[in-house]
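# Structure at a glance
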Amino acid sequence: MVDHIVGCLAQSGISHIFGVDGANIEDLYDAAFFRDDITAVLAKHEFSAAAMADGYSRSGAGIGVVAATSGGGCLNTVPGLGESLASRVPVLALIGQPPTTLDGQGSFQDTSGDNGALDALSLFSAVSVYCRRVLSPDAIHTVLPEALAAARTGGPAVLLLPKDVQQAVLGEHVNGHVPVMQLGTRISELTMMVRALRRADGPITIFAGEQVARDDARAELERLRATLRARIATVPDAKDVGGTPGFGSSSALGVCGVMGHPGVVAAAAGSGACLLVGTRMTVTARAGLDGVLGSVPTYSIGSQQPYVPATHVHTDDLRGALTMLAEALTGNGRPHQIRVPDVVPHTELPTPPHDGPGIRYRDAMRVLDRALPDGTDIVVDAGNIGASAIHHLPVRRDGRFLVALGMGGMGYSFGAGIGMTFHRAARPGPHGQRRTVVIAGDGSFFMHGMEIHTAVQYRLPITFLLFDNHAHAMCVTREQLFYGDRYTYNRFGPSHLGAGLAAMLPGLTALDVDDIDDLSAALDAALRTDGPVVISVECSPDEIPPFAAFLGTATETATATDPNTQENDSHATARA
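Since the model is a prediction, treat every value here as computed from it, not as a measurement. (Residues numbered from 1 in each chain as written. Predicted model: local features only at pLDDT ≥ 70, side-chain atom pairs only at ≥ 80, totals over all residues. Heavy atoms only, no water.)

### Some words on the nonpolar core
Judged by nonpolar contacts, the single largest core of 52 residues is most densely connected at F124, I452, F464 and L501. For this core, the element with the most residues is helix 3 (residues 46-61), which contributes eight residues. Two domains each donate at least three residues to this core, and these are domain 1 (1-167) and domain 3 (361-555). Discounting residues that sit within four places of it in the chain, I452 has contacts with F414, F445, F464, L501, L505, L508 and V534. (Core = buried A, V, L, I, M, F, W, Y, C linked by side-chain atoms within 4.5 Å. Buried < 20%, exposed > 50% of the residue type's maximum accessible area, 1.4 Å probe, protein only. Helix = DSSP H or I, 4+ residues; strand = E, 2+ residues; numbered from the N terminus. Domains from an automatic or database assignment. Contact = heavy atoms within 4.5 Å.)

This is how it looks when you write it as structure tokens:
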């Protein structure tokens, strides 16, 4: 059966399977070995393998595939699949299980759900849009196409594969109906939105989101924006879908939300209408906008109803829907009330000055902005440095900018950057060979940074920038602002990640820098190096990042030292 699975994946255009081998998934790896059109990539941890599949999918490759063995191996995929579910990323998970003959018999790593065993079907159903346990080999003819179709609608699909079923020989199969996605949006469903946009009394502001990236509807979105002469803002985890070089940069407002640009709120408040495209507007994305979106006429188009009040049009085919919407608003249908909006100056969150050790976040982003060429893909992890990159670092022309805010799992960027690189580096753009830059903190590195070994093993063109502030620094900031820095659980001992990795991994170029000029020189050299490079950047845990929830608190007087102060900001890290 595994030969059939791998063959179907290859025929579907899937070129990579990411995972960690083991007893109850090894037959799948055997099957992949005997094919030239699919590559099984060995990760170091199943969470990172799931992140690789997620990053591979977000890079535009289609469905990412993760494979894991039973027991702890499959359980390690759960947080990665949770991210893909929350962000609606198409992923297929192939999960090995012990043979069905041992179900409920006390077998090692039994997840059948029988006789008190852990129930993998219940568990994985909670982090997927489709989950089936395959109990007969011929069932794969039905469940595999169903799983692929379900994943394409946005989210993980999971197949639980007992070892004896994997090894079974398939019987004769007569091709039957293959399920397909029901895509498309009728123009009649868009009539209301067309009429509303024609009546807009003032400029229109577009908020573009993650479905634009998933459906690769960037060009269609830009055509609609140009037709409407609209300004455009993006949610943090869709920074590369609009307002970038080649896609409406002259009308860009920046990023909205808690790590975003203050001018977005002012522009939306002065709009005749707001249009949400492919986004639900989570709390992270809509911080500061709830009142505005409640008072300005707001419309939405996408696969899911947004969290804010809006008149919504459903579509699973955003590219087609945006094309129809732009055509309906073109020519004689162009709205008469719409005007070219006034230029909105670029705005930034004002962060307090800081003179601690190491390199300032803003200075590092300026160096990156000068150094990174067009076509560079950027993957950002959680934390202070992630907020700084989201806020300060522009997207490269023809590049991707990936950040996972569905679950916000630390260490995601290492696997995701690898998955993205397998797809993107194999397809050089107009600017030549692509390179991926992963931006992460030391806290994220200590969780899943050993995946750098996988980049070394496959000689991938990735530069890992590790911002080493010897802390879970966003949590340190919270301790300082809400508890007067009276205690900390979140500072680490010193480390030299560059020197340590250089010693651990032969052939890896890795170094430590603590001066801004040294960072510039190191980055220039890294971009000329074949294969992976690590630059560890010394910075301070006490610098406050561009994160609105902290900045409001930082400007208040006395609260940081008042023992009666209670944490009341909904965006602050929750109390442990």
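### With respect to the UniProt feature "domain: Thiamine pyrophosphate enzyme N-terminal TPP-binding" (unreviewed entry) in the chain
UniProt's entry tags residues 3-111 with the feature "domain: Thiamine pyrophosphate enzyme N-terminal TPP-binding" (unreviewed entry), counted in the numbering of this structure. Secondary structure content for residues 3-111 is 42% helix and 18% strand, while the C-alpha to C-alpha distance between its ends is 24 Å. (UniProt positions renumbered as here; feature names shortened; annotations may be inferred.)

### Quick word on the sheet that holds strand 4 (residues 91-97)
Sheet strands pair via backbone hydrogen bonds, and the direction of the pair is either parallel or antiparallel. On the basis of which strands lie adjacent, the open sheet formed by six strands has the order 2-1-3-4-6-5 and parallel pairing. Where the open sheet ends on each side, the last strands, each with one partner, are strand 2 (39-42) and strand 5 (130-133). Ignoring which end each strand starts from, the neighbouring axes of this sheet average 20 degrees apart. Strand contacts of helix 1 (residues 2-11): strand 1 (16-19), strand 3 (64-68), strand 4 and strand 6 (156-162), with the helix running at about 170 degrees to strand 4, the strand carrying the most contacts. Contacting strand 1, strand 2, strand 3 and strand 4, helix 2 (residues 26-33) crosses the sheet at an angle of about 130 degrees to strand 2. (Pairing = 2+ DSSP bridges. Axes fitted to C-alpha atoms, helices over the stretch in contact; angles between N-to-C directions.)

### Concerning the confidence of the model for the chain
Residues with a pLDDT of 70 or more make up 91% of the chain, whose mean pLDDT is 90. Every residue in residues 554-576 scores below 50 in pLDDT, and together they form 35 contacts with partners more than four places removed in sequence or on other chains. (pLDDT = per-residue confidence, 0-100.)

### Let's talk about a negative patch on the surface
A cluster of like negative charges, contributed by D512, D514, D515, D517 and D518, occupies part of the molecular surface. The topology assignment puts D515 in the loop between strand 17 (509-513) and helix 23 (516-527). Look at D515 and you get partly exposed, because its relative accessible area is 33%. (Patch = residues over 30% accessible without salt bridge, like charges linked within 9 Å, V, L, I, M, F, W, Y side chains within 5 Å. Areas by Shrake-Rupley, 256 points an atom, 1.4 Å probe, with all protein chains shown as cover. Salt bridge = Lys/Arg side-chain N within 4 Å of Asp/Glu carboxyl O. Lys, Arg positive; Asp, Glu negative; His and termini not counted. Charge placed at Lys NZ, Arg CZ, Asp CG, Glu CD.)

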